[in-house]
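Here are the chains, one letter per residue:
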Amino acid sequence: MDGDLEHAGGALVLGIGNTLLSDEGAGVHALRALEAAMGARPGLSFLDGGTLSFTLAGPIADCDALLVLDTAQLHAEPGTLRVFEGAEMDAFLTTGPKTSVHEVSLMEVLGMARIQDRLPQRRALVGVQPGSLDWGMTPTEAVSAALPRMAALARAKLEAWGL
C-alpha cells in the first residue's frame, strides 16, 4: 500500500477506519482488496488513512481525484452500500448523521483543501452501513460480505473517471 503522504496529482483512493473496531475498519479492508485487484497503475495511489488526521490534508489537496472508502450512517441494514459524489458527498458529510470515531472528520480535512482552493473536482465517497463499532479485529458478517461489492463500486467509479 502506498503509505507515502507525499502524493502529487493523479487519483487518490483513501481508505478510512479503525481496524480494531470491527466494522469501523471497512474502508481500510476495502482499500486493501481494491489495491490487490487493481495493482500498481500510473496516476493512482492507495492510502490507508486510518482514523484520519490533519496530515491527510496535503495528499487530498495534491490529488486531482479523490475516492474515499469508509463507513457511513445510512439508516439502512448493515452492509448496505451507497456512493456519494461531488456536491452530494459534501452535503452528506456536512449534514449527514455522524457515527465516526475518527480523530477529525473527513469534512474538516476536505475543508482545509477547500480554503486553499485545492479541493479535488472529482471526489466520491463509497460508504457502507456498519452493524457494529465494538472492539473486534474483523468486520461483522454483513459488512464482510459487502466488502467485495464496496471495492467493485470503487473500481467502477475509478474506471468512470478514466483510471
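Right above here is the structure, for reference.
Positions within a chain are numbered from 1, following the residues in the order the chain's sequence is written. Where local features are concerned, this predicted model is filtered to residues with pLDDT of at least 70; where side-chain atom pairs are given and counted, the filter is 80 or more; whole-chain, interface and lining totals use all residues. No hydrogens and no water enter the side-chain calculation; it runs on all heavy atoms of the structure.

Chemist: How should the pattern of salt bridges be read in this particular structure?
Modeler: Side-chain pairs of opposite charge can arise whenever the charged atoms involved come near each other. Any carboxyl oxygen of Asp or Glu within 4 Å of a side-chain nitrogen of Lys or Arg constitutes a salt bridge here. Tallied over the full model, the rule gives 7 salt bridges. Here Asp 48 makes a salt bridge to Arg 32, at a shortest N to O gap of 3.9 Å. In this pair, Asp 48 is assigned in strand β2 (residues 44–50) and Arg 32 in helix α1 (residues 26–38), connecting sequence segments 16 residues apart. For every residue, the accessible area obtained with a 1.4 Å probe (protein chains only) is divided by the maximum for its type, and the residue is called buried under 20%, exposed over 50%, and partly exposed between those limits. Residue classification places Asp 48 among the partly exposed residues on the basis of a relative accessible area of 33%. Residue classification places Arg 32 among the partly exposed positions, given a relative accessible area of 39%. The salt bridge partner of Asp 90 is Arg 114, with a shortest N-O separation of 3.2 Å. In this pair, Asp 90 sits in helix α3 (residues 87–95) while Arg 114 sits in helix α4 (residues 106–115), placing the two residues 24 residues apart along the sequence. Connected via shared salt-bridge partners are Asp 90, Arg 114 and Arg 123. Helical segments are the DSSP runs of H or I of at least four residues, strand segments are the runs of E of at least two, and each set is numbered from the N terminus.

Chemist: I keep staring at the sheet that holds β2 and nothing clicks. Help me out?
Modeler: Note on sheets: strands pair through backbone hydrogen bonds, and any given pair is parallel or antiparallel. Strands sit in the order β2-β1-β3-β5-β4 across an open sheet of 5 strands; the sheet is mixed. Edge strands, defined here as strands with exactly one partner in the open sheet, are β2 and β4 (81–85). With strand direction ignored, the average angle separating the axes of adjacent strands in the sheet is 15°. By definition, two strands form a pair when at least two bridges between them are found by DSSP. Relative to strand β3 (residues 65–71), strand β1 (residues 11–16) is paired through 5 bridges, and the arrangement is parallel. Paired with Leu 12 across the two strands is Leu 66, which belongs to β3. Lying over the sheet, α3 contacts β3, β4 and β5 (122–128), oriented at roughly 115° with respect to β4. Axis definition: a line fit to C-alpha positions, over the contact stretch in the case of helices; interaxial angles, taken between N-to-C directions, run 0 to 180 degrees. Residue contacts are counted whenever heavy atoms from the two residues lie within 4.5 Å of one another.

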